[in-house]
Amino acid sequence: MAKMAATASRLLPKLCFPSPHYLQPNPTIKFPTASLRVSSRVQASNPKREQQDSGVNNNTSPPFISEEDLKYLVKLGGGSVVGAAVIKYGSVIAPEITRPNIVQALVMVWAPLLVAVWILLNQSRRD
């Protein structure tokens, strides 16, 4: 096995490339360099002075994420995890849903379209 690998490594460069200099980087390429000086003034804050100036306790600020948003994010995350598990392990739980069935596939594709067309036709007749 090792002998075949050694033979292949000797033959492949000769077969693929006419000369080995294609594999070497070109040392004459030079990239231009530029220097940029940026000066900015940064001033540190004084927490004692800010607290005296504001006169308000910082603990009374509203939370970063509201409780309603947090509940929504938990539901969204949980639904995503459950959906991923159903997609990944669905064939183990219900193997008949993973067998190809052209009639069922066509019904799944055409049913929403036909329902939408039917709803639009009914609405346009009422107007």
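Residues numbered from 1 in each chain as written. Predicted model: local features only at pLDDT ≥ 70, side-chain atom pairs only at ≥ 80, totals over all residues. Heavy atoms only, no water.

1. What to know about the overall build of the protein chain
Rule in force here: The secondary structure listing takes helices from DSSP runs of H or I that are at least 4 residues long and strands from runs of E that are at least 2 residues long, numbered from the N terminus. A simple rule labels every residue: compare its accessible area, found with a 1.4 Å probe on the protein chains alone, to the largest value its type can have, and call it buried under 20%, exposed over 50%, or partly exposed in between.
From N to C terminus, the protein chain includes 4 helices and 0 strands. Within the protein chain, the proportion of its 127 residues that are buried is 2%.

2. A few points about the pattern of salt bridges
Pairing of side chains with opposite charge becomes possible as their charged atoms draw close. We count it as follows: One speaks of a salt bridge when a side-chain nitrogen belonging to Lys or Arg is within 4 Å of a carboxyl oxygen belonging to Asp or Glu.
For the structure shown, the criterion picks out 1 salt bridge. The partner of glutamate 67 in a salt bridge is lysine 71, and the shortest N-O contact between them spans 3.9 Å. Residue glutamate 67 and its partner lysine 71 are both found in helix α3 (residues 67–93); the two are separated by 4 residues, about one turn of the helix. Look at glutamate 67 and you get exposed, because its relative accessible area is 58%.

3. Quick word on the confidence of the model for the protein chain
To keep things clear, this is the line we draw: The quantity known as pLDDT measures the predictor's confidence residue by residue, on a range of 0 to 100.
A residue-level look at the protein chain finds 51% of positions with pLDDT of 70 or above and a mean pLDDT of 75. Mean pLDDT in the protein chain bottoms out at helix α1 (residues 2–16), which sits at 56, and peaks at helix α4 (residues 102–126), which reaches 94.

4. As for a nonpolar patch on the surface
Stated precisely, the cut-off is as follows: Put simply, a patch holds well-exposed residues, over 30% relative accessible area, that have no salt bridge, with like charges counted together within 9 Å and Val, Leu, Ile, Met, Phe, Trp or Tyr side chains within 5 Å. For the accessible areas, the method is Shrake-Rupley and the probe is 1.4 Å, while residue cover comes only from the protein chains on display.
Residues Ile102, Val103, Leu106, Val107, Val109, Trp110, Leu113, Leu114, Val117 and Leu121 make up a contiguous nonpolar surface patch of roughly 970 Å² in combined accessible area. Assignment of secondary structure puts valine 109 in helix α4. Under the relative-accessibility criterion, valine 109 is labelled exposed at 58%.

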